[in-house]
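Each chain, written out:
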Amino acid sequence: TVELRGLTEKLNKNMGRNYQKNCSAVLGGVGCRFDLSSPNATVQVSAKRIEKETVIFMDDLPDLEQEWFVHGALEFVSGENFGQKLSILGDKSINNERRVIVNQELPYPITHGDQLILTVGCDKMITTCRDKFQNVANFQGFPYIPGEDWMMAVPSRGVK
């Protein structure tokens, strides 16, 4: 593998913080400080079946709300797909089963009983940090900065 870099590569290095509305921290990382070993942050389940190559069904998890694992990860800890880690795009309970949609097809077919670990996901919004994780003190974004359209605003006297 070869990677070519020009003289301007040094300009791509981040200097300081980026000011953005969404959180810049990784869930469970140094800036976030959310404990991924806390209850319901990770759950081990058995796969039941697969549909459309990217939809995996398992027993329902009634204690966890819909879309709890969206933006999280699914990792295989047994079976032919051992070690595969996929991003979770969707998560719903349907007819006493939990349906998880992943971002890509698996290299090998899933068999009934394959063990999976589901890790909770974060969409990096302050409301999620506050309501889902009770971790707003560690939010690493700037949710109240004005958007780009504030420069186009003009003063007005009021509605006539």
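Residues numbered from 1 in each chain as written. Predicted model: local features only at pLDDT ≥ 70, side-chain atom pairs only at ≥ 80, totals over all residues. Heavy atoms only, no water.

Re the overall build of the chain
Looking only at helices and strands, the chain features one helix and six strands. Moving toward the C terminus, one meets the helices and strands of the chain in the order β-β-β-β-β-β-α. Taken over the C-alpha trace, the chain has a radius of gyration of 21 Å; the compact-globule value for 160 residues is 15 Å, which it surpasses by more than 25%. Principal-axis analysis of the C-alpha atoms gives the chain an extent of 65 × 55 × 30 Å. Across the 160 residues of the chain, 31% fall into the buried class. As displayed, the chain offers around 11,400 Å² of accessible surface, 52% of which is attributable to carbon and sulfur atoms. Looking at charge distribution, the chain has the averaged site of its 18 positive side-chain charges lying 12 Å from that of its 20 negative ones. (Helix = DSSP H or I, 4+ residues; strand = E, 2+ residues; numbered from the N terminus. Rg over C-alpha atoms; globule rule 2.2 N^0.38 Å. Buried < 20%, exposed > 50% of the residue type's maximum accessible area, 1.4 Å probe, protein only. Areas by Shrake-Rupley, 256 points an atom, 1.4 Å probe, with all protein chains shown as cover. Lys, Arg positive; Asp, Glu negative; His and termini not counted. Charge placed at Lys NZ, Arg CZ, Asp CG, Glu CD.)

Re the packing of aromatic side chains
According to the stated counting rule, one finds two aromatic pairs in the structure shown. With 4.6 Å between their ring centres and 45 degrees between their planes, Tyr 19 and Phe 142 make a pair best called tilted. With Tyr 19 in the segment before β1 (42-51) and Phe 142 in the segment after α1 (126-131), this pair connects stretches of sequence that are 123 residues apart. A residue is classified by how much of its surface remains accessible, and Tyr 19, at 60% relative accessible area, is exposed. Phe 142 gets classed as partly exposed once you look at its relative accessible area, which sits at 22%. The aromatic ring of Phe 57 is capped on one face by Arg 49, whose charged end is 3.9 Å from the ring centroid. Its end group placed over the ring of Trp 68, Lys 132 keeps NZ or CZ at 4.9 Å from the ring centre. (Phe/Tyr/Trp six-rings, centres within 6.5 Å; stacked < 30°, edge-to-face > 60°. Lys NZ or Arg CZ within 6 Å of the ring centre and 35° of its normal.)

Remarks on empty space enclosed by the protein
Enumeration according to the criterion identifies one cavity of 30 Å³ or more in this entry. Taken together, Cys 23, Ala 25, Val 26, Leu 27, Cys 32, Cys 122, Lys 124, Cys 129, Phe 133, Asn 135, Asn 138 and Phe 139 make up the full set of residues lining the largest cavity. (1 Å grid on protein atoms, 1.4 Å probe; cavity = no way out; pocket = protein on both sides within 12 Å on 5 of 7 lines; lining within 4 Å. Points joined across faces, edges and corners; volume = space filled by probe spheres on them.)

Brief notes about the pattern of salt bridges
Applying the stated criterion across every chain, the model contains nine salt bridges. Between Asp 91 and Arg 98 there is a salt bridge, with the nearest N and O atoms lying 2.5 Å from each other. Overall, Arg 98 belongs to the buried group, its relative accessible area being 0%. Here the salt bridges share partners, and the residues they tie into one network are Lys 48, Arg 49, Glu 51, Asp 59 and Glu 97. (Salt bridge = Lys/Arg side-chain N within 4 Å of Asp/Glu carboxyl O.)

Quick look at the sheet that holds β1
The strand order around the closed barrel formed by six strands is β1-β2-β5-β4-β3-β6, and the pairing between neighbours is antiparallel. When the angles between neighbouring strand axes are averaged without regard to direction, this sheet yields 45 degrees. Note: strand β3 (residues 73-76) against strand β6 (residues 115-119), four bridges, orientation antiparallel. For Leu 74, the partnering residue across the bridge sits in β6 and is Leu 118. (Pairing = 2+ DSSP bridges. Axes fitted to C-alpha atoms, helices over the stretch in contact; angles between N-to-C directions.)

Quick look at the pairing of strand β2 (residues 55-59)
Along β2, four of the five residues are buried, which leaves the element largely enclosed by surrounding structure. Pairing of β1 with β2, which is carried by four bridges, proceeds in the antiparallel orientation. Looking at the pairing, Arg 49 lines up with Phe 57 of β2. Counted between consecutive antiparallel strands, the loop separating β1 from β2 contains three residues, among which Lys 52 sits at a positive phi close to 55 degrees. Examined bridge by bridge, β2 and strand β5 (residues 97-102) share five bridges and lie antiparallel to one another. Paired with Met 58 across the two strands is Arg 98, which belongs to β5.

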